[in-house]
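A structural walkthrough
Chain by chain, the residues:
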Amino acid sequence: MSAGHSHDHGHAHDDHAHGHHELGFIRKWIFSTDHKVIGMQYTVTALVFLFFGFTLMMIMRWQLANPGHVIPFVGSMLSKQLYAGYMNLATEGVLLPEGYNALGAMHGTIMVFLGIVPLAVGGFGNFVMPLQIGAPDMAFPKLNMMSYWVFLPGGLIMLASFFMPGGAAQSGWTSYAPLSVINPGQTAWLVGMIFLITSSLLGSINFIVTIIHMRAPGLTMFRLPFFVWAQFVTAFLLLLAFPPLEAAGVMQLMDRLAGTSFFMPSGLWVSGKAAEWVGGGSPLLWQHLFWFLAHPEVYVLILPAMGIVAEVIANNTRKPLWGYRSMVYAAAFLGFMSFIVWAHHMFMTGMSTKISTFFQTTTMIISIPSVIILTALVISLWGGSIRFNTPMLFAIAFLPMFAIGGLTGLPLGLTSSDIHLHDTYYVIGHFHYVVAPGTIFGMFAGIYYWYPKATGRMMNETLGKLHFWPTFICMNCIFFPMLIQGMMGLSRRTYDPNIYQAGLASLKLHKMISWSAWIMAIAQLPFIFNFFVSMFAGKKVTENPWDSTTLEWAAPSPPPHGNFLTEPKAHRDPYVYSPPGRKDDFLPQHVVLEV
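I will try to describe carefully the structure that is included in this document.

Rules of the game
- Residues numbered from 1 in each chain as written.
- Predicted model: local features only at pLDDT ≥ 70, side-chain atom pairs only at ≥ 80, totals over all residues.
- Heavy atoms only, no water.
- Helix = DSSP H or I, 4+ residues; strand = E, 2+ residues; numbered from the N terminus.
- Rg over C-alpha atoms; globule rule 2.2 N^0.38 Å.
- Buried < 20%, exposed > 50% of the residue type's maximum accessible area, 1.4 Å probe, protein only.
- Contact = heavy atoms within 4.5 Å.
- Areas by Shrake-Rupley, 256 points an atom, 1.4 Å probe, with all protein chains shown as cover.
- Core = buried A, V, L, I, M, F, W, Y, C linked by side-chain atoms within 4.5 Å.
- Axes fitted to C-alpha atoms, helices over the stretch in contact; angles between N-to-C directions.
- Parallel < 35°, antiparallel > 145°, perpendicular 65-115°, else oblique.
- Left-handed = near helix turned anticlockwise from the far one by under 90°.
- Nonpolar A, V, L, I, M, F, W, Y, C, P; charged D, E, K, R; others polar.
- Salt bridge = Lys/Arg side-chain N within 4 Å of Asp/Glu carboxyl O.
- Phe/Tyr/Trp six-rings, centres within 6.5 Å; stacked < 30°, edge-to-face > 60°.
- Lys NZ or Arg CZ within 6 Å of the ring centre and 35° of its normal.
- Expected span 1.5 Å × (residues − 1).
- Polar contact = N/O pair within 3.5 Å; in protein donor to acceptor, adjacent residues only side chain to side chain.
- Patch = residues over 30% accessible without salt bridge, like charges linked within 9 Å, V, L, I, M, F, W, Y side chains within 5 Å.
- Disulfide = S-S within 2.5 Å.

Moving on, we come to the overall build of the protein chain. Across its full length, the protein chain holds 19 helices and 4 strands. Taking 25 Å as the expected radius of gyration for a compact globule of 595 residues, we find that the protein chain reaches 24 Å, a close match to that expectation. Taking the principal axes of its C-alpha atoms as reference, the protein chain extends roughly 85 × 55 × 55 Å. Out of the 595 residues belonging to the protein chain, those deemed buried represent 59%. For the protein chain, long-range pairs separated by at least 24 residues make up 78% of all intrachain contacts whose partners lie at least 6 apart in sequence. Surface accessibility of the protein chain: about 23700 Å² in total, with carbon and sulfur atoms responsible for 71%.

As structure tokens, then:
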């Protein structure tokens, strides 16, 4: 804790020397080194990106439900020719195939790398984790600021690619070579990715050092809230899995700009003539490097959500988490295993049966720790006096949604069933059950739960429930039919479903999915209204509105610079709810018991 002490003395010294001068607006809110402000910057930026990525998907859904029809509202805008060499997404208001591909690639990239990861790790991790361990700030505040200011340009470069010659990336969010090397519009995607990866690396180093070195006195590793453990494992995943993709991104950039052939095979023909690249590059190498990141990436999305859900469930059942230690061990094992399952995305690449059997086996094994965590959370509900507030509704809904996502993944991890399901809508249904109703429900639970900590005001409960119910129903109406379409054999990258039998049969389902998506978009309006209006008009809260036990509620709401008025000390485990013989039904970690 010595680091924390010296940090505090430093602040006291500065304030004294400068006579308590306030930081200017730019230093306080824009180039801030305070983890809480950086967490809020990440949260708001990520929510804006999520909204944008969702909009791209709604345009694609129009094309799938009404192939060849003019897109309402935005069709004419997408058809405008801005300048020569600009890629049109649509002509006369009808989406073009290459426009559909560009929207698809950017939707996936934005949602994962610009939306959920920055929200889960940059937003919640930055804001909540130092408060939960009783630290005055992150270990490296300037590095923390740097991680946001590398993330934002990366995101803006990605979005700017829509207006560049050649347009946005069109090779899917996975950017498989050699298509991605030949396609125009990929360069901005790669440059943006390199920025985003750098941002995650800076953040993850900071998280690991902060959790190891800056914990409050008495806060041993097994007294940490489960949310902090989830962020700790996530930071290791980012630190170890992102460098291979950063290297791959630089190599693909070299293939595009410097004439190398890391991923360009010899003997490649493009548009009827031999390609000028000569070299024995390996397109499969890109897949290995990409999935070595992108499988741990799934757990980067899901672990923070599990952490949030654990906090909300313990708080609203008014009892300790069931099996806390087994959950911690399961999270650590999940992190370890996530590095040896990546090639289950590559069963169709002609690998030998020995190798595919290895990856099939590790994929089955990795489902075990997820089931342990999920089971512990479900058992935690048993016998609790549950408060059904908005954070709790989202947290409870997370459980079956993530369970469906996990169960539907098992057939994709088995080599024989994967042959039929690979690259169909079934994969989209499975993956989205994990990250859309799964992870995003966890994120919503976290926003409603920690909003009073960040702003000092509550969000409106009625609007919260008005947000939850249509979102929950529509999510299932969107993604469940996709599992059926996939089993019918509908290919996932089909621009016009009319072109073959499985598409014709599933057109009715496409219409249902699209209507559900548009209704779900409307259901987000109460949330957006609630989020911004509550900052000024929400009910003011006391220090601990949820009667919670973890250390972040020992700080004032909203916390001042340096977080705590007096240094907190941890005296017990994180979830002491309903202790026998006390009039209160909770005993916070920092409260000293009178003898």
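Okay, the nonpolar core next. By size, the foremost hydrophobic cluster in this structure holds 186 residues, and its most contacted members are M106, F226, L245, L303, L377 and F398. A total of 20 residues in this core trace back to one element, the largest contributor, which is helix 10 (residues 283-317). What F398 contacts, discounting residues up to four positions off in sequence, is I302, A305, M306, V309, L374, G438, T439, F441 and G442.

With that settled, the discussion passes to the side chain of K36. Along the chain, K36 falls in helix 3 (residues 35-65). Judged by its relative accessible area of 5%, K36 is buried. Discounting chain neighbours no more than four positions away, the residues touching K36 are F127, P559, P560, H561, G562 and N563.

The geometry of helix 5 (residues 97-132) relative to helix 8 (residues 186-213) is characterised by a closest axis approach of 11 Å and an angle of 20 degrees between their N-to-C directions. With respect to their mutual orientation, helix 5 and helix 8 come out roughly parallel. Crossing handedness for the pair helix 5 and helix 8: left-handed. Between helix 5 and helix 8, the contacting residues are M106, T109, F113, L114, V117, V121, G125, N126 and M129 on the first element and W189, M193, L196, S200, F207, T210 and I211 on the second. Looking at the contact of helix 5 with helix 8 residue by residue, the classes come out as 11 nonpolar, 5 polar and no charged.

The tally for this structure, following the rule as stated, stands at 5 salt bridges. Each member of the salt-bridge network shares a partner with another, and the members are D423, R492 and R493.

Before going further, it helps to examine the environment of H295. Within the secondary structure, H295 is located in helix 10. When its relative accessible area of 8% is taken as the criterion, H295 is described as buried. The contacts of H295, once residues within four sequence positions are left out, are S338, V341, W342, H344 and H345.

With that settled, the discussion passes to the packing of aromatic side chains. Applying the stated criterion across every chain yields a total of 48 aromatic pairs. Taking the centre distance of 6.2 Å and the plane angle of 45 degrees together, the rings of F113 and W173 count as tilted. Linking F113 in helix 5 with W173 in the loop between helix 6 (141-160) and helix 7 (179-182), this pair joins segments that are 60 residues apart in sequence. Each of the two residues, F113 as well as W173, counts as buried. Arranged with centres 5.9 Å apart and planes meeting at 75 degrees, the rings of W229 and F232 form a pair that is edge-to-face. With W229 and F232 both in helix 9 (residues 226-257) and 3 residues apart, the pair spans about one turn of that helix. Of the residues examined, F232 reaches a relative accessible area of 11% and is grouped as buried. Among the aromatic residues, those joined into a cluster by ring pairs are F394, F441, F444, Y448, Y451, F468, W469, F472, F527, F531 and F532. Over the aromatic face of F222 sits the side chain of R325, whose NZ or CZ is 3.9 Å from the ring centroid.

All right, on to helix 3 then. An α-helix turns once per 3.6 residues; consequently, residues spaced three or four apart project the same way. Spanning 31 residues, helix 3 covers 44 Å between terminal C-alpha atoms, matching the ideal 45 Å at 1.5 Å per step. Summarising burial for helix 3: 25 of the 31 residues are buried, a large majority. A distance of 2.9 Å separates the backbone nitrogen of K36 from a side-chain oxygen at the start of helix 3, and that oxygen is part of D34.

A surface patch of nonpolar side chains, amounting to about 720 Å² of accessible area, comprises F51, I522, L525, I528, F532, M535 and F536. Relative to the assigned elements, I528 resides in helix 19 (residues 525-537). I528 sits in the partly exposed class, given a relative accessible area of 30%.

Enumeration according to the criterion identifies 0 disulfides in this entry. Cysteine C477 is unpaired, with the sulfur of C474 as its nearest cysteine sulfur at 6.1 Å. A residue is classified by how much of its surface remains accessible, and C477, at 24% relative accessible area, is partly exposed.

We now examine the environment of A517. Residue position: A517 is located in helix 18 (residues 507-523). The sequence separation of A517 and V74 amounts to 443 residues, and the corresponding C-alpha distance is 17 Å. Apart from residues no more than four positions distant in its own chain, A517 is found in contact with F54, M57, M58, R61 and I478.

Turning next to the side chain of Q41. The topology assignment puts Q41 in helix 3. Under the relative-accessibility criterion, Q41 is labelled buried at 12%. A distance of 2.9 Å separates a polar atom in the side chain of Q41 from the backbone oxygen of W29. Within the local environment of Q41, its side chain forms a polar contact with the backbone oxygen of I30, the two atoms lying 2.7 Å apart.

Attention now goes to the packing of helix 9 against helix 11 (residues 324-337). Packing of helix 9 against helix 11 leaves a shortest axis separation of 9 Å and a crossing angle of 10 degrees. What the angle tells us is that helix 9 and helix 11 run roughly parallel. Across the interface between the two elements, F226, W229, V233 and L237 from helix 9 touch Y324, M327, V328, A331, A332 and G335 from helix 11. Classifying every residue of the contact of helix 9 with helix 11 by side-chain character gives 9 nonpolar, 1 polar and no charged.

Its 14 residues give helix 11 an end-to-end C-alpha distance of 20 Å, which sits within 8% of 20 Å, the value for a rise of 1.5 Å per residue. Within helix 11, burial applies to Y324, M327, V328, A330, A331, L334, G335 and M337. The inward-facing, buried residues of helix 11 abut helix 9, helix 10 and helix 12 (353-381).

A word on the environment of V378. Here V378 shows up in helix 12. A residue is classified by how much of its surface remains accessible, and V378, at 43% relative accessible area, is partly exposed. Residues V378 and L399, 21 residues apart in the sequence, show an inter-C-alpha distance of 7.5 Å.

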